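# Overview (structure and organization)
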Amino acid sequence: MKENESISWHPSFAAALQLELQEYESQLNYIIEYPLTNEPLKVDVIILKSTDKQIDKNIAHLFRKYNIVEYKSPKDYLSVDDFYKAMAYAYLYKYVSGGQEGTDSVAIDQMTLTLVSMNKPTKLLQHLQHREKEVYLYQEGIYYIEGTDIPIQLVIQSELPKGENEYLTLLTDQLNEKEQLQDVLMDYLNDNKNQLYRLIFHAIFEANPSLFMEVLGMQKLEHDPEVQRKIDELVREFEWDKKWKKEGIEEGREEGIQEGIQEGIQEGKSKAQLRIAVNLLSKGMSLNEVAEITGLPLDKLKELEK
């Protein structure tokens, strides 16, 4: 995937956020892409908390009644101006959602702001320190910013603990955690009525197609026929196999065939297809199954098998 911007990161992030906090579903109400004005000005996620009890989840300890969440996709950078834009969104939300003018029904001390970024925004942190705002590490991957009238937390996805935040840490275009993805796939297959998983999988596949298809192939090997059937249905529904093969062919035409792979392998196939085929064959998958997953012809797979 060359155009990272075409990946639907924001709805996938909203889905991951809800899955992270699914234990507290009865206490939280989500408003996705909340319009602040008649113009196209929207907050990524607003979470309304219905209880005064603190939520026992690292990313939600700060939450009060009105919680505004702004998210930056993996290739985006959280700039100084982005910080002030998010602050403006918070103040504008207080104004437009407060009902009758002057009632102060959305109290400023009941609001929080969460900024989510893949990597730590060094320039922003330097700016805040220069402006005498205290920034400190609250928990792994979570920084609190003090000195403003709205409590603010900065969530750095690349620093979050994977065991605590398995969904948010999967939303990356540099994914290498196969076991983590396998676990989340199994969660979905055991609860495949939950559509939030599908939004996450869409972004993960588009950003990491080779790893995603490799994990699907391993899942088919390791589980019973019913699980294999569900995986096949999922792949067909989203046409992941067709999209992956098409991208693999395009990638292969640009980059050529991996050096050292046996001469005579069909020209134009991607490095990823060959690597995955070798891996699946070494795990005992049949030639026909590997051919179906990778798109490589049987005669070439027989050469690889040798």
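Placed above this text is the structure.
Conventions we followed
- What you see as residue numbers is a count from 1 along each chain, following the sequence as written.
- Reporting of local features is limited, given that this is a predicted model, to residues whose pLDDT is at least 70; pairs of side-chain atoms are given and counted only at 80 or more, and all residues count toward the totals for whole chains, interfaces and linings.
- Heavy atoms from the whole structure form the basis of all side-chain values; hydrogens and water molecules are not counted.
- Within this document, salt bridges are pairs made up of a side-chain nitrogen of Lys or Arg and a carboxyl oxygen of Asp or Glu, the two lying within 4 Å of each other.
- The helix count covers DSSP runs of H or I at least four residues long, the strand count covers runs of E at least two residues long, and both are numbered beginning at the N terminus.
- The buried label goes to any residue with under 20% of its type's maximum accessible area, the exposed label to any with over 50%, and the partly exposed label to all in between, with areas taken from a 1.4 Å probe on protein chains only.
- Residues belong to a common nonpolar core when they are buried Ala, Val, Leu, Ile, Met, Phe, Trp, Tyr or Cys residues joined through side-chain atoms within 4.5 Å.
- Contacts between residues were defined by any pair of non-hydrogen atoms, one from each residue, lying within 4.5 Å.
- Paired rings are identified among Phe, Tyr and Trp, the last through its six-membered ring, by centres lying within 6.5 Å, and are further divided according to the angle between planes into stacked (under 30 degrees), edge-to-face (over 60) and tilted (the rest).

### With respect to the pattern of salt bridges
In the structure shown here, the tally under the stated rule is six salt bridges. A salt bridge links Glu159 to Lys120; its shortest N-O distance comes to 3.8 Å. With Glu159 in the loop between β7 (152-156) and α4 (178-190) and Lys120 in the loop between β4 (111-117) and α3 (122-130), the pair connects residues that are 39 residues apart, well separated along the chain. Given a relative accessible area of 25%, Glu159 falls into the partly exposed group. Residue classification places Lys120 among the partly exposed positions, given a relative accessible area of 36%. A salt bridge links Glu214 to Lys178, with the shortest nitrogen-to-oxygen separation between them at 2.9 Å. With a gap of 36 residues between them, Glu214 in helix α6 (residues 209-222) and Lys178 in helix α4 connect regions that are remote in the sequence. On the basis of relative accessibility, which here comes to 35%, the residue Lys178 falls in the partly exposed class.

### Examining the nonpolar core
One broad trend across soluble globular proteins is that nonpolar side chains are buried collectively. Judged by nonpolar contacts, the single largest core of 55 residues is most densely connected at Phe13, Leu21, Ile47, Leu181, Phe201, Phe212 and Trp240. At eight residues, helix α5 (residues 196-207) tops the list of elements feeding residues into this core. Sequence-distant contacts of Ile47, defined by excluding residues within four places in its chain, comprise Leu17, Leu21, Leu28, Asn29, Tyr30, Phe63, Lys65, Tyr66, Asn67 and Val69.

### Quick look at the environment of Gln219
Checked against the element boundaries, Gln219 lands in helix α6. Each C-alpha atom, one on Gln219 and one on Ile231, is 8.1 Å from the other, the two residues being 12 residues apart in sequence. In contact with Gln219, other than residues within four places in its own chain, are Gln182, Leu185, Met186 and Ile231.

### Notes on the packing of aromatic side chains
Describing an aromatic ring pair means giving the distance of the ring centres and the angle of the ring planes. Applying the stated criterion to the full structure yields 11 aromatic pairs. With centroids separated by 6.1 Å and ring planes inclined at 65 degrees, the aromatic side chains of Phe201 and Phe212 adopt a geometry described as edge-to-face. Linking Phe201 in helix α5 with Phe212 in helix α6, this pair joins segments that are 11 residues apart in sequence. The burial state of Phe201 is the same as that of Phe212; both residues are buried. Centroid distance Phe205 to Phe212: 5.8 Å. Interplanar angle 80 degrees. Geometry classified as edge-to-face. Summarising the burial analysis for this pair, Phe205 and Phe212 share the class buried. Put simply, the rings of Tyr167, Tyr188, Tyr197, Phe201, Phe205 and Phe212 touch in pairs and so form one group of aromatic residues.

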